[in-house]
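Coordinates in review
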Amino acid sequence: MMTGASGPAVTRAAMATLREPLQRLVDSSRRTFRNPYESIDWPVSVDPTADWFTAPELTTVHGTPLWDVIGDGARRRLAFLEALNFYSLNIHGERDLMEGLVTRLYRPDLSDAASYLHHFIDEENKHSVHFGTFCTRYGRVYRSRQPPGAAAPATPDADLRFFAKVLVFEEIIDRFNVAQAKDERLHPIARFINQSHHAEEVRHLAFGRRVVAELWRAHRASWSSAQIDDLRRYLAQFFVTTWRQFFNPDVYRDAGFDDPWDVAERLWASEAQRELRRAFSKRIVEFLTVHEILLEDPHAAY
Amino acid sequence: MLPIDLDARAELRSWVASRADGIEPDPALDRVALFDQRVLSSLHLPELILLIERLRNEPVDVTTMAAPDVASIDAIVATFFDRGTGR
């Protein structure tokens, strides 16, 4: 259980050690401040069966028997629908992220992070403008299957869970962004969205790594082994929750597959897709295991 | 062919048991308060929703869902699978 020593005073002291790196992130955000409404010249329409909007190797069908039985146009259309899904899960993830950041803005024990939290929220909102504009102009926003939850308490445990989830989510998303930002096969809009997202995520990832490591270092000694075990199970499940969103039956239904839930299960279980999930999780799993926040791979995610 | 709610119960028991330590997929599990007793966490909900959708071959609208709807396997079956009363 949490003791008195593990409360806001410890968090405040931990965050004070981050003043200098956080100021560098603030400076960087101010130097690159931009208007999301001027950064993209949106085409009137796009052709989902002619262009690639997701790199073929990053679709959930690639490397599976299903890939071999659908034609080129169907592959491109599926890659377009998966781009809509990728942008949609970013919208849902960023909405939860912004909500969590806003809740923590100017909380006294996190006050050293307030200046950067303003930029973090601002940049996430701008990303959602890009994702939302693409989805609503050319397709739709796919729904989330995560019901709205109750507000988390203002405890160190809840803070660590929140910032660790943000970090896991953004690390995985960033692997897709980096891989697609310079992929000449992709439609310029898809390339730009991935490139632009990555450019700002670099700062968010740096922030997340610092905060997660510092909160863990500051509070872990005051937590019971049962509490830490529960935290580890929770984070391991978050990998599953995050990755599951990529295998969306709504996408497969829109792509014309007869049994979209069965398709989702088969693709999720395919060896090629398990390997992609393992590879794209590797960097963040290494970070979490080096710090002993996790003790092993989140095997259920792959 | 088994009635759909019996199929669903078996699948739900098996799924819950596979995600929690020391839980057996037997009928007693149907009455266990899955979230109150921390057998599952809120992070399991999207996977659980996917399973419910797959079992009934129909989407679930999470925006109209309430916590009691998924509180136990009995509640899930009553809410989403019982003929004529499921959502």
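What you are looking at is a predicted structure, and each value in this text was computed from that prediction instead of being measured. Each chain carries its own residue numbering, running from 1 in the written order of its sequence. Chain A is the first chain written and ligand 1 is the first ligand written, with later ones labelled in order. Local features in this predicted model are restricted to residues of pLDDT 70 or higher, and side-chain atom pairs are both shown and tallied only at a pLDDT of 80 or more, whereas totals for entire chains, interfaces and linings draw on every residue.

Some words on the overall build of chain A
Keep this limit in mind: Here a helix means four or more residues in a row that DSSP labels H or I, a strand means two or more in a row labelled E, and each is numbered from the N terminus. Only the C-alpha atoms count toward the radius of gyration. The rule for a globule is 2.2 Å times the residue count to the power 0.38. Burial is judged by counting other C-beta atoms within 10 Å of a residue's own C-beta: 20 or more means buried, 12 or fewer means exposed, and anything between counts as partly exposed, with every C-beta placed from the backbone. C-beta atoms are first placed from the backbone for all residues, and any pair lying within 7 Å is then listed as a contact.
Of regular secondary structure, chain A possesses eleven helices and zero strands. For 302 residues, the compact-globule estimate of 2.2 N^0.38 gives 19 Å, and the C-alpha radius of gyration of chain A, at 20 Å, lies within 12% of that figure. Overall size of chain A, expressed as C-alpha extent along the three principal axes, is 60 × 45 × 30 Å. Burial statistics for chain A: of 302 residues in total, 43% are counted as buried. Here the contacts in chain A between residues at least 6 apart in sequence split such that 81% fall between residues at least 24 apart.

Some points on the overall build of chain B
Helix and strand counts for chain B stand at three helices and zero strands. Taken from N to C terminus, the helices and strands of chain B fall in the order α-α-α.

Describing the interface of chain B and chain A
As a reminder, the rule being used: Throughout this entry, Asp, Glu, Lys and Arg are counted as charged residues, while Ala, Val, Leu, Ile, Met, Phe, Trp, Tyr, Cys and Pro are counted as nonpolar. The remaining residues, Gly among them, count as polar.
Between chain B and chain A, the residue contacts involve 14 residues of the former and 13 residues of the latter. Of the residues in the side of chain B that touches chain A, the class split is seven nonpolar, four polar and three charged.

With respect to unusual backbone geometry
Positive phi, normally seen in glycine, also occurs at Glu292 of chain A, with a value near 65 degrees. Relative to the elements of secondary structure, Glu292 of chain A occurs in the segment after helix 11 (271-290). A positive phi angle, near 60 degrees, is found at Asn57 of chain B, a position not held by glycine.

As for the nonpolar core
Which entries qualify depends on this criterion: Each nonpolar core reported here comprises buried Ala, Val, Leu, Ile, Met, Phe, Trp, Tyr and Cys residues connected via C-beta atoms within 7 Å.
With 71 residues, the main nonpolar core has Ala83, Phe163, Ala164, Val168 and Val212 of chain A as its most contacted residues. Considering every element that reaches this core, the biggest residue donor is helix 4 (residues 72-104) of chain A, with eleven residues. Look past the residues within four positions of Ala164 of chain A in its chain and what remains in contact with it is Val212, Leu235 and Ile293 of chain A. Membership of the second largest hydrophobic core comes to 19 residues, among which are Leu51, Ile52, Leu55 and Val77 of chain B.

Observations regarding the environment of Ile49 of chain B
Examined against the element boundaries, Ile49 of chain B turns out to sit in helix 2 (residues 45-56). For Ile49 of chain B, a count of 21 C-beta atoms within 10 Å corresponds to the buried category. Separated by eleven residues in sequence, Ile49 of chain B and Val60 of chain B have C-alpha atoms that sit 6.9 Å apart. In contact with Ile49 of chain B, not counting residues within four places along its chain, are Arg145 of chain A together with Val60 and Val62 of chain B.

Details of the environment of Ser72 of chain B
Residues and elements named next belong to chain B. You can see Ser72 is positioned in the loop between helix 2 and helix 3 (73-80). The exposure class assigned to Ser72 is buried, which follows from the 21 C-beta atoms found within 10 Å. On a C-alpha basis, the gap between Ser72 and Asp36 in space is 9.5 Å, while along the polypeptide they are 36 residues apart. Contacts of Ser72, omitting those with residues within four sequence positions, involve Asp30, Arg31, Val32, Ala33 and Leu34.

A short note on the confidence of the model for chain B
For the record, the criterion: On a scale of 0 to 100, pLDDT captures the predictor's confidence in every residue.
Taken over all residues, the pLDDT of chain B has a mean of 89, while the share at 70 or more is 87%. Among the prediction metrics, the complex's ipTM stands at 0.90, with pTM recorded as 0.94.

Notes on the packing of helix 2 (residues 19-31) of chain A against helix 7 (residues 188-219) of chain A
Residues and elements named next belong to chain A. Stated precisely, the cut-off is as follows: Axis lines are fitted through C-alpha atoms, for helices just across the contact stretch, and the angle between N-to-C directions can take any value from 0 to 180 degrees. Roughly parallel covers angles under 35 degrees, roughly antiparallel covers those over 145, roughly perpendicular covers 65 to 115, and oblique covers all other angles. Left-handed describes a crossing whose near helix is turned anticlockwise from the far helix through less than a right angle; right-handed describes the clockwise counterpart.
It is at 11 Å that the axes of helix 2 and helix 7 come closest, and there the two elements cross at 165 degrees. The pairing of helix 2 with helix 7 is recorded here as roughly antiparallel in orientation. For the pair helix 2 and helix 7, the crossing hand works out as left-handed. Mapping the contact onto sequence places Pro21, Leu25, Ser28 and Ser29 in helix 2 and Arg203, Ala206, Phe207 and Arg210 in helix 7. Residues belonging to the contact of helix 2 with helix 7 are distributed by class as follows: four nonpolar, two polar and two charged.

Thoughts on the environment of Asp7 of chain B
As for its position among the elements, Asp7 of chain B is in helix 1 (residues 4-18). Along the chain, Asp7 of chain B and Leu55 of chain B lie 48 residues apart, while their C-alpha atoms are 8.3 Å from each other.

Considerations on the packing of helix 6 (residues 156-181) of chain A against helix 8 (residues 225-244) of chain A
Residue and element names in this part refer to chain A. Direction vectors running N to C along helix 6 and helix 8 enclose 30 degrees, while the axes themselves pass 10 Å from each other. As judged from the angle between their axes, helix 6 and helix 8 are roughly parallel. Note on packing geometry: the crossing formed by helix 6 with helix 8 is right-handed. Here helix 6 contributes Asp157, Arg161, Ala164, Lys165, Val168, Phe169 and Ile172 to the contact with helix 8, which in turn contributes Gln227, Leu231, Tyr234, Leu235, Phe238, Phe239 and Thr242. The class makeup of the residues in the contact of helix 6 with helix 8 is nine nonpolar, two polar and three charged.

A short note on helix 3 of chain B
This is how it is decided: In this description, the arc belongs to the directions extending from the helix axis to the C-beta atoms.
Every buried residue belonging to helix 3 of chain B is among Ile73, Ile76, Val77 and Phe80 of chain B, and all of these are buried. The arc enclosing the buried residues of helix 3 of chain B, seen along the axis, measures out at 95 degrees, which places them on a common side.

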